[in-house]
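# Residue-level structural notes
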Amino acid sequence: MDDRPPLPFRGGRFPASFRCRVVSLPPGVARLYSRFEWRDAIVFVECGGVEVETTDGSRYRFPPGAVLSLYGPPVRSLRNPGPVGAVLVAVSRRATDSF
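I will try to describe carefully the structure that is included in this document. Each residue is numbered by its place in its chain's sequence as written, counting from 1. Local features in this predicted model are restricted to residues of pLDDT 70 or higher, and side-chain atom pairs are both shown and tallied only at a pLDDT of 80 or more, whereas totals for entire chains, interfaces and linings draw on every residue. Each side-chain value is derived from all of the structure's non-hydrogen atoms; neither hydrogens nor water enter the calculation.

## Looking at the sheet that holds strand β7 (residues 75-79)
At least two DSSP bridges between two strands are needed for those strands to be called paired. The way it works is that DSSP assigns letters per residue, a run of H or I at least four long becomes a helix, a run of E at least two long becomes a strand, and they are numbered from the N terminus. Strand order in this open sheet of four strands is β2-β7-β4-β5, and the pairing throughout is antiparallel. The open sheet has two edge strands, β2 (30-32) and β5 (59-62), and neither has a second partner. The average undirected angle you get between the axes of adjacent strands in this sheet is 25 degrees. Looking at chain direction, strand β4 (residues 50-54) and β7 are connected through four bridges and run antiparallel. Considered in β7, the bridge of Glu-51 is made with Arg-79. Note on geometry: axes are lines fitted to C-alpha atoms, helical ones only across the stretch in contact, with angles between N-to-C directions running from 0 to 180 degrees.

## Remarks on the pairing of β5
Sheet analysis places β4 next to β5, joined by four bridges and oriented antiparallel. Bridge pairing links Val-52 to Tyr-60 in β5. Here β4 folds back onto β5 in antiparallel fashion, the turn holding four residues, of which Gly-57 has a positive phi close to 90 degrees.

## Re unusual backbone geometry
The backbone phi angle of Asp-40 is positive, close to 65 degrees, even though this residue is not glycine. Summarising the element assignment, Asp-40 is placed in the loop between β2 and β3 (41-47).

## A word on the nonpolar core
The tendency in soluble globular proteins is for nonpolar side chains to be buried as a group. With 17 residues, the main nonpolar core has Trp-38, Val-43, Val-50, Leu-70, Leu-78 and Leu-88 as its most contacted residues. Elements represented by at least two residues in this core include exactly β1 (18-25), β3, β4, β7 and β8 (86-93). Any pair of residues with heavy atoms lying within 4.5 Å of one another is described as a contacting pair. What Leu-70 contacts, discounting residues up to four positions off in sequence, is Tyr-33, Trp-38, Val-43, Val-52 and Leu-78. Buried Ala, Val, Leu, Ile, Met, Phe, Trp, Tyr and Cys residues that are joined via side-chain atoms within 4.5 Å together make up what is termed a nonpolar core. For every residue, the accessible area (1.4 Å probe, protein chains only) is compared with the maximum for its type, and the residue is labelled buried under 20%, exposed over 50%, or partly exposed between those bounds.

## Quick word on the side chain of Thr-54
Looking at the element boundaries, Thr-54 is found in strand β4. Since its relative accessible area comes to 11%, Thr-54 is described here as buried. Any N or O atom pair separated by 3.5 Å or less is treated as a polar contact, with the protein-specific requirement of one donor-capable and one acceptor-capable atom, and with residues adjacent in sequence counted only for side-chain atom pairs. Polar contacts involving the side chain of Thr-54 include one to the side chain of Asp-56, which spans 2.5 Å. Filtering out sequence-adjacent residues up to four positions away, Thr-54 remains in contact with Tyr-60, Pro-74, Val-75 and Arg-76.

If you want it as C-alpha coordinates, here you go:
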(Lines give C-alpha, C1' and ligand atoms only; values in the text may rest on other atoms or scores of the structure.)
Protein backbone atom coordinates (compact mmCIF):
# COMPACT_ATOMS: atom_id res chain seq x y z
CA MET A 1 0.00 0.00 0.00
CA ASP A 2 1.30 3.45 -0.89
CA ASP A 3 1.00 5.69 2.20
CA ARG A 4 2.88 8.61 0.70
CA PRO A 5 0.72 11.74 0.61
CA PRO A 6 -0.22 13.24 -2.76
CA LEU A 7 1.55 16.38 -3.83
CA PRO A 8 -1.08 18.99 -2.99
CA PHE A 9 0.34 21.45 -5.51
CA ARG A 10 0.95 18.97 -8.35
CA GLY A 11 -1.63 16.19 -7.94
CA GLY A 12 1.04 13.44 -7.94
CA ARG A 13 2.93 11.31 -5.43
CA PHE A 14 6.46 11.54 -4.11
CA PRO A 15 9.10 8.94 -4.96
CA ALA A 16 9.88 6.67 -2.00
CA SER A 17 13.25 8.40 -1.46
CA PHE A 18 11.48 11.62 -0.41
CA ARG A 19 9.29 12.53 2.49
CA CYS A 20 6.60 15.14 2.79
CA ARG A 21 5.59 16.97 5.94
CA VAL A 22 2.62 19.33 6.18
CA VAL A 23 2.71 22.15 8.75
CA SER A 24 -0.44 24.16 9.44
CA LEU A 25 -0.35 27.61 11.01
CA PRO A 26 -3.71 29.00 12.15
CA PRO A 27 -4.31 32.75 11.66
CA GLY A 28 -2.17 34.89 13.96
CA VAL A 29 -0.12 31.97 15.28
CA ALA A 30 3.68 32.03 15.49
CA ARG A 31 5.89 28.94 15.58
CA LEU A 32 9.42 29.05 16.99
CA TYR A 33 12.02 27.98 14.48
CA SER A 34 14.23 24.91 14.85
CA ARG A 35 16.72 24.56 12.00
CA PHE A 36 16.81 20.77 12.38
CA GLU A 37 13.08 20.60 11.70
CA TRP A 38 13.65 22.15 8.27
CA ARG A 39 16.99 20.52 7.42
CA ASP A 40 17.32 19.55 3.75
CA ALA A 41 13.75 20.66 2.97
CA ILE A 42 12.26 22.68 0.18
CA VAL A 43 9.19 24.39 1.62
CA PHE A 44 6.15 25.34 -0.43
CA VAL A 45 3.55 27.80 0.86
CA GLU A 46 0.46 25.92 -0.27
CA CYS A 47 -2.20 28.32 1.05
CA GLY A 48 -2.47 31.34 3.28
CA GLY A 49 0.76 33.20 3.78
CA VAL A 50 3.73 33.02 6.09
CA GLU A 51 5.95 35.65 7.64
CA VAL A 52 9.53 34.66 8.43
CA GLU A 53 11.14 36.63 11.25
CA THR A 54 14.94 36.60 11.36
CA THR A 55 17.12 36.81 14.47
CA ASP A 56 17.73 40.53 13.84
CA GLY A 57 13.96 41.23 13.90
CA SER A 58 13.49 41.63 10.13
CA ARG A 59 10.29 40.11 8.74
CA TYR A 60 9.66 38.76 5.25
CA ARG A 61 6.25 37.75 3.92
CA PHE A 62 5.70 34.90 1.49
CA PRO A 63 2.38 34.40 -0.34
CA PRO A 64 0.82 31.14 -1.54
CA GLY A 65 3.02 29.55 -4.20
CA ALA A 66 6.29 30.77 -2.65
CA VAL A 67 9.16 28.28 -2.41
CA LEU A 68 11.60 28.60 0.51
CA SER A 69 14.60 27.01 2.12
CA LEU A 70 14.50 27.56 5.89
CA TYR A 71 17.62 25.66 6.90
CA GLY A 72 20.39 28.22 6.36
CA PRO A 73 18.99 31.68 7.12
CA PRO A 74 19.04 33.05 10.69
CA VAL A 75 15.32 32.50 11.34
CA ARG A 76 13.65 33.14 14.73
CA SER A 77 10.04 32.23 13.97
CA LEU A 78 7.39 31.53 11.35
CA ARG A 79 4.09 33.36 11.68
CA ASN A 80 0.79 33.45 9.89
CA PRO A 81 -0.17 37.14 9.72
CA GLY A 82 -3.30 36.54 7.65
CA PRO A 83 -6.98 35.91 8.34
CA VAL A 84 -6.94 32.32 7.02
CA GLY A 85 -4.89 29.26 7.92
CA ALA A 86 -1.52 28.83 6.27
CA VAL A 87 -0.24 25.46 5.06
CA LEU A 88 3.44 24.75 4.44
CA VAL A 89 4.54 21.60 2.62
CA ALA A 90 8.13 20.56 3.34
CA VAL A 91 9.75 18.08 0.95
CA SER A 92 13.06 16.47 1.87
CA ARG A 93 15.15 13.39 1.18
CA ARG A 94 14.68 10.44 3.49
CA ALA A 95 17.55 9.87 5.93
CA THR A 96 18.52 6.62 4.19
CA ASP A 97 19.21 8.44 0.93
CA SER A 98 22.91 8.34 -0.02
CA PHE A 99 23.21 11.93 -1.35
